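Fold and geometry: a report
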Amino acid sequence: MFSKKEIEDIRREYPFLNLKPNGKDIIYLDNGATTQKPKEVLDNIQNFYETENGNPHRGAHYLAMVSTEAYEGARARVGKFIGAKSPNEIVFLRNATEALNLIAYSYALNNLSEGDEIVISIMEHHSNLVPWQRVAEKTGAKLKYLYVDEDMQIPFSEVEEKIGKNTKILSLTGASNVVGTMPDLDKIFKYTRENSDAKIILDGAQLVPHKKVDVSKLDIDFLVFSGHKMYSAMGIGILYGREDLLNSMEPFLSGGDMIEYVYEDKTTYLPSPQRFEAGTANVEGAVNLAAAIDYIERIGMDRIDEYEKYLTDYAYDKLKKLDYLEVYTTSNKNRAPVISFNFKEAHPHDVASILDTYGIAIRSGHHCAQPLHRFLGSNFSCRASFAVYNTIEEIDYFVEHLEDVRRLLGIES
Ligand SMILES: Cc1ncc(COP(=O)(O)O)c(C=O)c1O
């Protein structure tokens, strides 16, 4: 666990903490949407443009070579971070959404047909749901959902019932951005491997920032995640794919940088990763993600996870005691640092707006998970989500002001 001094040192690295929204100290509890960035990661962007800015793979001059080295170095760094066998398995894209679309378009549309089944869970973010609906519409494959029980866990009977020889895709979140559930990936993926020849996709957008993920140990085909949810810049996302699989797939976008030879009437493509990186890359973003990984690993992923769990348990216990709230997050302590809740008699946007007047940032809305909210019997919720720079004092302040929200909205406790 971090000492008070260590947390103070971590917080000193975050310039955003000097902001005073509505004249109040900022309490940022919207980390599930995007995290803030420490100074060293911010400085890394400046440094890239001052010393490494060239268009990679496209020139014989100094800066083109330096930027190629920085870009390919970042790829190797990301690959090592998630246990990939080769940097060629790491594709730099814009975000997790683009990575899921790439799999849907380049793999699924070309390999699925009527009679095939795609399995996802009811907890999926729209990014891991809408592309599969579209694949199902276009190929005639059937989309099936793993539903959760009252505690937001996937009963294993759901897995046994829904996954079988017709399953061609299992695309599952590693951590729900609404209810925090972390499904038992080892068990579910092992069952899937043994009982189908499905391609296994892990949506790691809410998992990779909090827990060590090793694609080789998990034995998955694809992993996606976004840099901006793990202390890095926006606009950089990762697709991990098994190299043989990536090289068997059609390009998603086409144009410069992804070709081998172009003739008037046909083109041959480079292998992965270039095959999937058409056009000038977000080199700054890739290099910045590598810097964020350095930052995370220097602090220690396990220590960050332990601290975030401590904050989450603390907040969860406090919120559960407030009888005017309905808390949706799972009670299972193996959960992502997100707590979703509703005032029984108030709209989440009103709650979030009032909290904002106290400098507190939470998310309100459907969090890109409308089917899950419908399943929960509510169209929207409030969500507080934590990161390494949050503190117990901030949670106390947040909970105290939930009381003010209750009073202001005239809700009885
Ligand atoms: C579980 C999950 N998957 C996917 C995404 C999509 O991430 P991005 O918007 O960075 O593409 C999010 C974003 O909130 C998410 O929480």
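**Quick look at the layout of surface pockets**
By volume, the largest pocket is sized at about 300 Å³. Together, 14 residues line the largest pocket, and Leu-185, Asp-186, Lys-211, Lys-212 and Leu-218 are the ones closest to its centre.

**Details of the site of the ligand**
The local shell around the ligand holds 13 residues, among which Thr-97, Asp-203, Gln-206, Ser-226 and Lys-229 are the closest. In this structure, Asp-203 approaches the ligand through a side-chain N or O atom, which is 2.6 Å from a nitrogen atom. Measuring from an oxygen atom of the ligand, one finds a side-chain N or O atom of His-228 at 2.8 Å. For the ligand, whose unbound accessible area comes to 390 Å², protein coverage reaches 89%. For the shell around the ligand, a count of residues per class yields two nonpolar, nine polar and two charged.

**Observations concerning the domain arrangement of the chain**
Here the chain is described as being made up of domain 1 (4–30 + 301–408) and domain 2 (43–297). For domain 1 versus domain 2, the distance between C-alpha centres works out to 28 Å. Contact with domain 1, which involves 34 residues of that partner, is made by 29 residues of domain 2. Where domain 1 abuts domain 2, roughly 2600 Å² becomes buried across the two surfaces, and 59% of that area is made up of carbon and sulfur atoms. Among the residues domain 1 hides against domain 2, the three largest losses belong to Met-301, Leu-372 and Phe-375. Together they make up 26% of the total. Across the contact surface, domain 1 and domain 2 share one salt bridge. A salt bridge links Asp-305 to Lys-211; its shortest N-O distance comes to 3.2 Å.

**Overview of the pairing of strand E4 (residues 142–146)**
Each regular strand carries side chains that alternate between the two faces of the sheet. Burial analysis of E4 places four of its five residues in the buried class, the great majority of the element. Across five bridges, strand E3 (residues 117–121) lies against E4 in parallel orientation. Pairing of Ile-120 across the sheet is with Tyr-145, part of E4. Handedness of the crossover joining E3 and E4 through helix H5 (residues 130–139): right-handed.

**A look at the nonpolar core**
Counting residues in hydrophobic clusters, the biggest one holds 136 residues, and the most contacted among them are Trp-132, Ile-362 and Phe-398. Top contributing element to this core by residue count: helix H10 (residues 283–299), with ten residues. When residues are assigned to domains, this core turns out to be shared by domain 1 (4–30 + 301–408) and domain 2 (43–297), each giving three or more. Aside from chain neighbours lying at most four places away, what touches Ile-362 is Leu-29, Asp-30, Phe-341, Val-351, Ala-352, Leu-355, Cys-382, Arg-383, Ala-384 and Phe-398.

**Looking at the environment of Ile-122**
Structurally, the position occupied by Ile-122 is in the loop between E3 and H5. Judged by its relative accessible area of 6%, Ile-122 falls in the buried class. As for Ile-122 and Ile-154, which are separated by 32 residues in sequence, their C-alpha atoms are 9.4 Å apart. For Ile-122, the contacting residues outside a window of four places in its chain are Tyr-145, Leu-146, Tyr-147, Val-148, Pro-371, Leu-372 and Phe-375.

**Some words on the sheet that holds strand E12 (residues 338–343)**
Strands sit in the order E11-E12-E15-E14 across an open sheet of four strands; the sheet is antiparallel. Pairing within the sheet leaves two strands with one partner each, and these edge strands are strand E11 (325–327) and strand E14 (363–365). Geometrically, the sheet is characterised by an average inter-axis angle of 30° between neighbouring strands, direction not taken into account. Two strands pair when backbone bridges link them, and E14 and strand E15 (residues 381–385) are joined in this way by three bridges, in the antiparallel orientation. When the bridges of E15 are listed, Arg-363 appears paired with Arg-383. Across the sheet, helix H11 (residues 301–320) lies against E11 and E12, angled at about 15° from E12, the strand it touches most. This element, helix H14 (residues 392–408), spans E11, E12 and E15 of the sheet and lies at about 15° to E12.

**Focus: the pattern of salt bridges**
Here the structure, examined in full by the defined rule, presents 31 salt bridges. Here Arg-383 and Asp-30 are joined by a salt bridge, their closest N and O atoms 3.6 Å apart. Of this pair, Arg-383 sits in strand E15 while Asp-30 sits in the loop between strand E1 (27–28) and helix H2 (39–51), and the two are 353 residues apart along the sequence. Of the residues examined, Arg-383 reaches a relative accessible area of 1% and is grouped as buried. Taking the shortest distance from any N to any O, the salt bridge between Asp-313 and Arg-335 comes out at 2.8 Å. Taken as a pair, Asp-313 in helix H11 and Arg-335 in the loop between E11 and E12 lie far apart in primary sequence, 22 residues in all. Residue class for Asp-313 comes out buried when judged on its relative accessible area of 18%.

**So, empty space enclosed by the protein**
Gaps left between atoms show up when a probe the size of a water molecule is rolled over them. Inspection of the entire model under this criterion finds two cavities of 30 Å³ or more. The wall of the largest cavity is formed by Asn-31, Gly-32, Thr-35, Gln-206, Pro-209, His-210, Lys-229, Ala-336, Pro-337, Val-338, Ser-385 and Phe-386. Counting the residues that make up the lining of the largest cavity, at least three belong to each of domain 1 (4–30 + 301–408) and domain 2 (43–297). Taken as a whole, the second largest cavity encloses approximately 40 Å³ of empty space. As for the second largest cavity, its lining consists of Met-182, His-210, Asp-305, Glu-308, Lys-309, Thr-312, Arg-335, Ala-336 and Pro-337. Taken together, the residues that form the lining of the second largest cavity break down as three nonpolar, two polar and four charged.

How each quantity is defined
Residues numbered from 1 in each chain as written. Predicted model: local features only at pLDDT ≥ 70, side-chain atom pairs only at ≥ 80, totals over all residues. Heavy atoms only, no water. 1 Å grid on protein atoms, 1.4 Å probe; cavity = no way out; pocket = protein on both sides within 12 Å on 5 of 7 lines; lining within 4 Å. Points joined across faces, edges and corners; volume = space filled by probe spheres on them. Near = heavy atom within 4 Å. Polar contact = N/O pair within 3.5 Å; in protein donor to acceptor, adjacent residues only side chain to side chain. Areas by Shrake-Rupley, 256 points an atom, 1.4 Å probe, with all protein chains shown as cover. Nonpolar A, V, L, I, M, F, W, Y, C, P; charged D, E, K, R; others polar. Domains from an automatic or database assignment. Contact = heavy atoms within 4.5 Å. Buried area = accessible area lost by both parts, 1.4 Å probe. Salt bridge = Lys/Arg side-chain N within 4 Å of Asp/Glu carboxyl O. Buried < 20%, exposed > 50% of the residue type's maximum accessible area, 1.4 Å probe, protein only. Helix = DSSP H or I, 4+ residues; strand = E, 2+ residues; numbered from the N terminus. Pairing = 2+ DSSP bridges. Right-handed = clockwise from strand over helix to strand, strands pointing away. Core = buried A, V, L, I, M, F, W, Y, C linked by side-chain atoms within 4.5 Å. Axes fitted to C-alpha atoms, helices over the stretch in contact; angles between N-to-C directions.

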